Structures are given as structure tokens and as C-alpha cells.
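The primary structure of each chain is shown beneath.
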Amino acid sequence: MRTLKANQRLIFYALKTGSSVNEFGEETLIYTDPIPYRATVQIGSTGASIAPAGIDTYCDAKIITADMDLPWDEFTVFWVKAQPVEGYDFVMSAMPRETVNGMSYRLRRRGDL
């Protein structure tokens with residue numbers, strides 16, 4: 001039910017394609033152009049102090065999708081509330097979790113890092 005078309009909204013994501021280092025040794029990540037995608041998005045802060053792997057699973061939003069083959073990783077950035085002409089507003093918070101009917105991705109707001 002969570003992945004019904006009526007529950008989905010348009011978001012954008014970009015994948016890391018590489019990185020560059022300037023003369024001061026600072027690394028800058030290089031991303032693809034924003035890619036449109038439709039998914040169920042739940043916005044609202046959640047958190048947990050104890051996790052199975054001992055990792056903080058705090059997140060500001062969750063993306064739930066039935067697509068099990070998305071190329072998203074910990075470097076993927078998202079435009080959930082912002083438009084692609086603006087800077088991205090969410091980043092991956094934790095590795096995705098496989099659910100009964102798909103995948104659940106936890107996101108943090110860009111400023112909460």
C-alpha cells in the first residue's frame with residue numbers, strides 16, 4: 001500500500017561520479033545532474049539510540065520504494081523539498097533496509113551533518 005502511485009511524489013537524486021582535490025588538499029565530490037524519481041516520502045524526524053549494528057539511525061525523512069535495484073549509496077544526495085536549481089536538501093543517513101515489500105532509505109537534512 002505504501003508504494004501506490006497515489007502516495008508517490010516527485011523527487012530528484014544525484015549519484016557521486018568522482019572527486020577532485022584542490023591545492024589545499026580539500027576534496028570536492030562530483031555528482032551527476034539531478035535525476036527525477038517518483039517514490040513515497042515520509043517527512044518527520046525519527047531517531048534511535050540503540051541499533052542492531054550500534055549505529056545512530058536518526059533521520060528526517062524516509063523514502064520507501066518497491067524498486068530493489070536503485071543505485072543509491074551513502075554518497076547519494078536528494079532534492080525532496082527543494083528544486084534541482086537549488087542545492088540539494090537531503091543526504092543518505094544510513095544504509096538502506098530491506099522491508100517485506102521493498103526498500104526503506106533514511107535521509108538527513110543537509111544542515112544536520
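Here, the structure is the one placed above.
Every value quoted in this text rests on a predicted model; they were computed, and no experiment measured them.

Draft legend 1. Spotlight on the overall build of the protein chain. Tallying secondary structure elements over the protein chain gives zero helices and eight strands in all. Helices (α) and strands (β) of the protein chain occur, in sequence order from the N terminus, as β-β-β-β-β-β-β-β. The burial tally for the protein chain puts 35% of its 113 residues in the buried class. When contacts within the protein chain are restricted to residue pairs at least 6 apart in sequence, long-range pairs at least 24 apart make up 51% of them. Accessible surface, the protein chain as shown: approximately 7,100 Å² in total, 52% of it carbon and sulfur.

Draft legend 2. Representation of the packing of aromatic side chains. Applying the stated criterion to the full structure yields six aromatic pairs. Ring plane angle 80° and centroid distance 6.4 Å describe the contact between Tyr13 and Tyr37, whose orientation is recorded as edge-to-face. In this pair, Tyr13 sits in strand 1 (residues 9–14) while Tyr37 sits in strand 4 (residues 35–46), placing the two residues 24 residues apart along the sequence. Accessibility assignment for this pair places Tyr13 and Tyr37 in one class, buried. For the pair Trp72 and Tyr105, a centre-to-centre distance of 4.7 Å together with 70° between the ring planes defines the contact as edge-to-face. A residue pair is termed long-range when its members are at least 10 positions apart, and Trp72 in the loop between strand 5 (59–65) and strand 6 (77–79) and Tyr105 in strand 8 (residues 103–109) qualify at 33 residues. On the accessibility criterion, Trp72 (6% relative accessible area) is buried.

Draft legend 3. Quick peek at the pairing of strand 3 (residues 27–31). Pairing geometry for strand 2 (residues 16–21) and strand 3, over five bridges, is antiparallel. Among the inter-strand pairings, Gly18 is bridged to a residue of strand 3, identified as Ile30. Counting the residues in the hairpin turn of strand 2 and strand 3 gives five residues, including Gly25, whose phi is positive at 85°.

Draft legend 4. Inspection of the nonpolar core at higher detail. If you look at the biggest cluster of nonpolar residues, it comprises 17 residues, and the most contacted ones within it are Ile11, Ile63, Trp72, Phe78 and Leu107. Not counting residues within four places of it along the chain, the set of residues in contact with Trp72 comprises Ile11, Tyr13, Leu15, Tyr37, Ile63, Phe78, Met92 and Tyr105. Counting residues in each nonpolar core, the second largest holds six residues, with Phe12, Ala14, Trp79 and Ala82 among its members.

Draft legend 5. The side chain of Asp60, seen in detail. Tracing the backbone through its elements, the reader meets Asp60 in strand 5. An unpaired buried charge is present at Asp60: no salt bridge exists, and Arg109, the closest side chain of opposite charge, is 4.4 Å distant. For Asp60, the side chain forms a polar contact with the main-chain nitrogen of Arg109, separated by 2.9 Å.

Draft legend 6. Fine view of the pairing of strand 5. Counting buried positions over the seven residues of strand 5 gives six, a clear majority of the element. As defined by bridge partners, strand 5 adjoins strand 8 across five bridges and the pair is classed as antiparallel. Opposite Lys62, over in strand 8, you have Arg106 as the bridge partner.

Each value, and the rule that gives it
Residues numbered from 1 in each chain as written. Predicted model: local features only at pLDDT ≥ 70, side-chain atom pairs only at ≥ 80, totals over all residues. Heavy atoms only, no water. Helix = DSSP H or I, 4+ residues; strand = E, 2+ residues; numbered from the N terminus. Buried < 20%, exposed > 50% of the residue type's maximum accessible area, 1.4 Å probe, protein only. Contact = heavy atoms within 4.5 Å. Areas by Shrake-Rupley, 256 points an atom, 1.4 Å probe, with all protein chains shown as cover. Phe/Tyr/Trp six-rings, centres within 6.5 Å; stacked < 30°, edge-to-face > 60°. Pairing = 2+ DSSP bridges. Core = buried A, V, L, I, M, F, W, Y, C linked by side-chain atoms within 4.5 Å. Lys, Arg positive; Asp, Glu negative; His and termini not counted. Salt bridge = Lys/Arg side-chain N within 4 Å of Asp/Glu carboxyl O. Polar contact = N/O pair within 3.5 Å; in protein donor to acceptor, adjacent residues only side chain to side chain.

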